[in-house]
Amino acid sequence: MAGILIYSEKSKLALELLTAARLIAKDNGLDVKVLCINSDEQAEEMVARGAETYHIKGQIIELADTAAVASALQEAVGKLDTSIVLLSSNRRGKELAGRLAQKLDAGCLSDVTSLQVKGGKVQCSRNALGGATISVQQIETDRQVIALAPRSFEPASPQDGGSLKEMAILVGASNIKVLESRSKAGDVVDIEAAEILVVVGQGMEQADMLLAESIARSLGGEIACSKPIATDKKWLPEDRIVGLSGKKCKPQLAIILGVSGQVQFNVGIRDANTIVAINNDENAYILQMADYAMVADLKVILPELSKTLG
Amino acid sequence: MNIIVAMKQVPDLQQVRIRNREPVIEGVPYTLGIIDKNALEAGIQLKEATGSNLIVVSAGNEEVEETIKEALAAGADEAYLVLDDKLDGMESSLTASLLAATIKKIEEVGLVIFGEGSGDNYSGQVGSRVAEILDLPQVGYVSKIELDGTTAKITRSLEDCEELLEVQLPMVVTVLGDINEPRIPSVSQILKAGRKPKEILELDDLDIEIPKDKKISTLSNLAPETDRKRVAVKSVSDLITALQAEGFVGR
Ligand SMILES: Cc1cc2nc3c(=O)[nH]c(=O)nc-3n(C[C@H](O)[C@H](O)[C@H](O)COP(=O)(O)OP(=O)(O)OC[C@H]3O[C@@H](n4cnc5c(N)ncnc54)[C@H](O)[C@@H]3O)c2cc1C
Ligand SMILES: Nc1ncnc2c1ncn2[C@@H]1O[C@H](COP(=O)(O)O)[C@@H](O)[C@H]1O
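Cut-offs applied
Residue positions are given per chain, counting from 1 as you read along its sequence in written order. Think of it this way: whatever chain is written first is A, whatever ligand is written first is 1, and the rest follow in order. Where totals are concerned, whole chains, interfaces and linings use all residues; where local detail is concerned, this predicted model gives features only for residues with pLDDT of at least 70, and gives and counts side-chain atom pairs only at 80 or more. Heavy atoms from the whole structure form the basis of all side-chain values; hydrogens and water molecules are not counted. Under the DSSP-based scheme used, a helix requires at least four consecutive residues in state H or I and a strand at least two consecutive residues in state E, with every element numbered from the N terminus. Take the residue count of a helix, subtract one, and multiply by 1.5 Å to get its expected span. For each residue, the accessible area found with a 1.4 Å probe, counting protein chains only, is set against the maximum for its type, and the residue is called buried under 20%, exposed over 50%, and partly exposed in between. Contacts are assigned to residue pairs that have any heavy atoms within 4.5 Å of one another. Here's the idea: put two parts together, see how much 1.4 Å probe accessible area each one loses, and the total over both is what we call buried area. Between Lys or Arg on one side and Asp or Glu on the other, a salt bridge is scored when a side-chain nitrogen of the former is within 4 Å of a carboxyl oxygen of the latter. A 3.5 Å cut-off defines polar contacts: any pair of N or O atoms within that distance qualifies, except that in protein one atom must be a possible hydrogen donor and the other a possible acceptor, and neighbouring residues in sequence count only when both atoms are side-chain atoms. Strand pairing is assigned whenever DSSP detects at least two bridges linking the two strands. Here, axes are lines fitted to C-alpha atoms. For helices the fit covers the stretch in contact, and angles between N-to-C directions go from 0 to 180 degrees.

Draft legend 1. Structural view of helix α1 (residues 11–28) of chain A. Residues and elements named next belong to chain A. Along its 18 residues, α1 runs 25 Å from first to last C-alpha, staying within 8% of the 26 Å computed at 1.5 Å per residue. For α1, the set of buried residues is Leu13, Ala14, Leu15, Glu16, Leu17, Leu18, Ala20, Ala21, Ile24, Ala25 and Asn28. After α1 finishes, the residue Gly29 shows a positive phi value of roughly 65°.

Draft legend 2. Representation of the interface of chain A and chain B in the model. Listed as interface residues are 77 residues of chain A and, on the opposing side, 70 residues of chain B. In this assembly, chain A packs against chain B so that about 6700 Å² is buried in total across both faces, 53% of it on carbon and sulfur atoms. Counting the surface chain A buries against chain B, the share from its top three residues, Arg91, Arg99 and Tyr292 of chain A, is 12%. Across the chain A-chain B interface, the total number found is nine salt bridges. For Arg228 of chain B, the salt bridge goes to Asp291 of chain A, with nearest N and O atoms at 2.8 Å. Linking chain A to chain B there are 51 residue pairs in polar contact (both at pLDDT 80 or more). Sorting elements by how many residues they give to the side of chain A that touches chain B places helix α4 (residues 91–104) of chain A first, with nine residues.

Draft legend 3. Layout of the sheet that holds strand β6 (residues 53–60) of chain B. The strand order β10(A)-β11(B)-β10(B)-β9(B)-β12(B)-β8(B)-β1(B)-β6(B)-β7(B)-β13(B) describes an open sheet built from 10 strands, whose pairing is mixed. In this open sheet, the two strands that pair with only one neighbour each are β10 (176–183) of chain A together with β13 (198–201) of chain B. Here the strands of the sheet are splayed against their neighbours by 25° on average, with no regard to which way each runs. With four bridges joining them, strand β7 (residues 78–83) of chain B and β13 of chain B adopt parallel strand pairing. Counted as the bridge partner of Leu81 of chain B is Ile200 of chain B from β13 of chain B. The strands that α4 of chain A touches are β9 (138–148), β10 (151–157) and β11 (161–168) of chain B; relative to β9 of chain B, the one it contacts most, it runs at about 90°.

Printed below as a string of structure tokens:
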């Protein structure tokens, strides 16, 4: 094993990868190398974090073309003699991970939330069975592709010793043409940072959203939701989704209103310190994972709760 | 043109119970992955719009033959199934080589549709691996597909942006769970589904070598420990009292 290569198109996530790579390197004595593609800003930032940075600069590599990015990474792996590749498990990174792993004939794990090095092997934890369980897995092939869930590691802090080299690779013609790229309206609220969350599910009526918001405000918290509230009903932006495909939150208090508690949801909130759940179905699973469980109709309870807290 | 949809049979997660932190899978009925049903629906809509033939492919244990009926009932025209009880719990790299070898047997493939993640594993690897084996362009996390002769216009939805892309066919896509609302087949469609053509393949029928060594090993798979108070709260005032006692109200 010769080294660890990290790559993410998002600088913030690349910094998290750097922390994770150093953790593995400390135990395995591997070199950590960083690849940047056409981003001076990211390259400089990585150098400032003390990283041995390689920059593919000025060559046209379409980030939307996963096959092209995977080829570039494959070449970098060869040139830099690295065996472990760390990617971010955001959407781009996950898509890339499978393609790169296939090119490298590597084992691959995605959505990895924590790492441990034991006996030279990197043991990875990830959610399994929709989030019902956490499985610890390790890759047995020499070449490994590991995609790390965003925010599972702290970003690396500044340090000396960084270096920067440009790297050139072979670029083929792309089969993918980008006609348009629109940014999504970002949400100003980061539900992962919130100490108190009021989480709404499909047991809510839209008219009562104002009450939920008022309860959140009274407690100094933020509103979050189950997936269908954002993707089907579109009452809230997708940034507010808690769960397997949303965010993993660890608030001090979560008040969960009208959510059934399916595994893919629970995985995003089970680390909350205190959970309050209100549901009109006494058999709803969410009530079993609550510290305070209330069987009640939200239409009746919300006005009263909002008024009392008011 | 043939449109291919890859669907995985998974244990119905709503029915998986946890005992002593271990998941109990035995006896849990199989179902098709939830997002794979969105992949199928996307295929059905494109088939209807373009007059293509829709083929569902799946690899798994012998039960797949029964489970896949739902896809045939909903609108797939035929199924290519790789069946072997040894395939239970197989890893993504093997799944991908089986599916790719199966797809190679099909002519005039225009589009191969995957779910963004399988129901149980949700690792989002198989589609990308198959695209690489077949040497096809790919777009993941798709929220819209339009076919126009030999090209496709695809919308990829990322965390912070949406890309509108033009890609030459054939290609691979993986779709998001919110791309559509899957239709539910009627009873008469389910009854007729048994008569639709099924190509059953065994491992020997496929032109691949099954590696002896696993690429991934699982060291443990346990439900996280939870320790909740589970106090039944009867009224709003009881709830407020509890929140006060925890220090969340009146701070
Ligand atoms: C791969 C995958 C990833 C997923 N990722 C996520 C994810 O990240 N986040 C997520 O949330 N989901 C996710 N899901 C979807 C998840 O499986 C559930 O479908 C979803 O969480 C259900 O949302 P819900 O609880 O709001 O709705 P429902 O399941 O419809 O529950 C509504 C609840 O409200 C209660 N209710 C109804 N009326 C009232 C009333 N008047 N008063 C009180 N209670 C009432 C009902 O009893 C019920 O329990 C994912 C699914 C898959 C397959
Ligand atoms: N055994 C299988 N048979 C058919 N399709 C599969 C199988 N496993 C995975 N897939 C497809 O690959 C997608 C991604 O799976 P995964 O990489 O496990 O998240 C799924 O949504 C399916 O479309």
